[in-house]
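Reading the structure
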Amino acid sequence: MDFTLLATLLAVAFLTAALALYALNTLSNRDFAQGPGPTLPVRTDLDGPSADQITAQRRELAQLRATVEHIPLILWRQDNDGALTWANKPYIDLTEKLHPDRAGRWPMPHLFKQKSLAHPDTPGHRRISIDMEDGEKRWFEVQGFRVQDEILYSATPIDMTVKAEVSLRNFVQTLTSTFAHLQVGLAIFDKRRQLVLFNPALTDLTTLEPEWLSARPGLSEVLDRLRDKNMLPEPKDYKEWRNRLTGLEKAASSGTFEETWALPTGQNYRILGRPHHDGGIALTFEDISSEVSLTRRFRSEIELGQTALDTLEEAIAVFSENGTLVLSNKAYSELWDVSENDGLMPVSIVDATRHWQQSCQPNPIWGDIRDFATTSQGRADWEDYARLQDGGTILRCRVAPLAQGMTLVGFKTLEAVPEFQPAKTEIAQTA
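Residues numbered from 1 in each chain as written. Predicted model: local features only at pLDDT ≥ 70, side-chain atom pairs only at ≥ 80, totals over all residues. Heavy atoms only, no water.

Summing up its helical and strand segments, the chain has 13 helices and 15 strands in all. Carbon and sulfur atoms form 53% of the exposed surface of the chain, whose accessible area is close to 26,400 Å². (Helix = DSSP H or I, 4+ residues; strand = E, 2+ residues; numbered from the N terminus. Areas by Shrake-Rupley, 256 points an atom, 1.4 Å probe, with all protein chains shown as cover.)

Our next topic: the sheet that holds strand E2 (residues 84–87). Pairing in this open sheet of five strands is antiparallel, and the strands run E2-E1-E5-E4-E3 from one edge to the other. At either end of the open sheet lies a strand with only one pairing partner, and these are E2 and strand E3 (126–131). Between one strand axis and the next, the sheet turns through 30° on average, direction left out of account. (Pairing = 2+ DSSP bridges. Axes fitted to C-alpha atoms, helices over the stretch in contact; angles between N-to-C directions.)

For helix H11 (residues 349–359), the set of buried residues is Ile 349, Ala 352, Thr 353 and Trp 356. Relative to the axis of H11, the buried residues are bounded by an arc of 95° and lie together on one face. Looking at the buried positions of H11, the neighbouring elements they touch are strand E11 (315–319), helix H10 (330–336), helix H12 (365–373) and strand E15 (407–414). (Buried < 20%, exposed > 50% of the residue type's maximum accessible area, 1.4 Å probe, protein only. Arc of directions from axis to C-beta. Contact = heavy atoms within 4.5 Å.)

A surface patch of nonpolar side chains, amounting to about 290 Å² of accessible area, comprises Leu 168, Phe 171 and Val 172. Tracing the sequence through the fold places Phe 171 in helix H4 (residues 159–180). (Patch = residues over 30% accessible without salt bridge, like charges linked within 9 Å, V, L, I, M, F, W, Y side chains within 5 Å. Salt bridge = Lys/Arg side-chain N within 4 Å of Asp/Glu carboxyl O.)

Bringing the packing of aromatic side chains into the picture now. According to the stated counting rule, one finds eleven aromatic pairs in the structure shown. Aromatic pair Trp 261 and Phe 285: ring centres 6.3 Å apart, planes at 75°, arrangement edge-to-face. Placement of Trp 261 in strand E8 (residues 257–262) and of Phe 285 in strand E10 (residues 281–287) is noted, with a sequence separation of 24 residues between them. Judged on exposure class, the residue Trp 261 and its partner Phe 285 are both buried. Taken together, the ring pairs in this structure connect Phe 319, Tyr 332, Trp 336, Trp 356, Trp 366 and Phe 411 into an aromatic cluster. Lying across the ring of Trp 212, Arg 225 places its NZ or CZ 4.4 Å from the centre. (Phe/Tyr/Trp six-rings, centres within 6.5 Å; stacked < 30°, edge-to-face > 60°. Lys NZ or Arg CZ within 6 Å of the ring centre and 35° of its normal.)

A few words now on the pattern of salt bridges. Under the counting rule described, the total for this entry stands at 13 salt bridges. Between Glu 209 and Arg 225 there is a salt bridge, with the nearest N and O atoms lying 3.3 Å from each other. Here Arg 225 lies in helix H7 (residues 219–228) and Glu 209 lies in the loop between helix H5 (200–206) and helix H6 (210–214), a separation of 16 residues in the sequence. Residue class for Glu 209 comes out partly exposed when judged on its relative accessible area of 28%.

Two modes of strand pairing occur in sheets, parallel and antiparallel, and in both the strands are linked by backbone hydrogen bonds. Reading across from one edge, E7-E6-E10-E9-E8 is the order of the five strands in this open sheet, with antiparallel pairing throughout. Of all the strands in the sheet, the pair left with one neighbour each is strand E7 (195–198) and E8. Ignoring strand direction, the axes of neighbouring strands in this sheet form an average angle of 20°. Bridging between strand E6 (residues 185–189) and E10 involves five bridges; their strand directions are antiparallel. Within E10, the position partnered with Leu 186 by the bridge is Thr 284. Contacts between H7 and the sheet are confined to E6, E8 and E10, with E10 contributing the most and set at about 20° to the helix.

Positive phi, close to 60°, is recorded for Thr 207, a residue that is not glycine. Looking at the secondary structure, you find Thr 207 in the loop between H5 and H6.

The subject of this paragraph is the pairing of E2. Two elements, strand E1 (residues 74–79) and E2, share three bridges in a ladder whose sense is antiparallel. When the sheet's bridge partners are listed, Trp 76 is paired in E2 with Ala 87. Linkage of E1 to E2, two consecutive antiparallel strands, is achieved through a turn of four residues, within which Gly 82 is found at a positive phi near 90°.

Right, let's talk about the side chain of Asn 268 for a bit. Looking at the element boundaries, Asn 268 is found in strand E9 (residues 268–275). Taking relative accessible area as the criterion, Asn 268 reaches 8% and is therefore assigned buried.

Averaged over the chain, the pLDDT score is 79; the fraction of residues at 70 or greater is 80%. Taking the mean pLDDT of every element in the chain, the minimum, 39, falls on helix H13 (residues 422–430) and the maximum, 94, on E11. Predicted confidence for residues 420–431 stays below pLDDT 50, and this span has 15 contacts to residues more than four positions away or in other chains. (pLDDT = per-residue confidence, 0-100.)

The following block contains the structure:
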């Protein structure tokens, strides 16, 4: 039962009991009229309340009075002309606080403007505020009830409710202002999959009308509208598309939905689905067309560079600053018998030189290459020679520093060591 209604019923019961007790007291103290004969004794066997009944009713009246006085509600009664006929203690205390000059006087002034009070024959309640001495406002929820030929009003304090509503409204406004500056489109759906919040970026990215979104359409309606505007990837058939929508909802609810939509317009959108509180979901729409275009351009440049390297006869291997193989060409794979699948796992300079050393006759240059690739200072181009295990193939090993601490190692097959470098030839043959 509503607390306000309970307090009102208690007040009605209190007033009814008071009237009944008054009538009983009048009846119990009444003397029978004396006639012209002898005085008639007072009858005690007539029907009427006994002394115990009167005591119980007085006790009940006291309990009702105490109950009404301690209820944290403001109760008062007034007649049809607006004159105050009764008020409880909270009403009197607040009146004396606001109007100390009228303390103890009757009739007491009205706390609420009569025009603001709801008509008792009209269902519902009204919110009315009172200005306090410190400038603060106290809010009440006022409701009227017709009791016989008077009106009983109750005023429930709702200051905390009003403050909570103001805080929530300010919070929503802050969120709305924050979302308004985001370049990512945001759409939040409640547990019934009705749209409850969106930002301006969503309308810019999806071309959905703000008026239509403000009507709180469902998730399926939003996706249908996006499909009509060619803002969804077109499936092969409608059944597949509907299954896609069902999968989107389930994946978004579990926080696992993430997809890139290549639209017929040439744009690319990244769509993320995340679970929201109370069973809702939040979808974000991000235009990544420039990012995709840049990635494709970089990939094209990398493929072009790789193609150019593959045309070289020299076997090329490039290592990063920390000594990890980042690039090699086709000649390198053929020389050292490295398959393309080996590139899936990171190869360090230590692993690479160990592999080269196993394929060649003993030579100290492999340690020098390792030291060079892991050193960032005092680096300059140099080259040396090594001989493969077959004894007839000579490799010219070229080492060069690159930007960002990278190192290039090149291998070229020779039939003999050039005559202008006899010392290098002697080292290679001795090895």
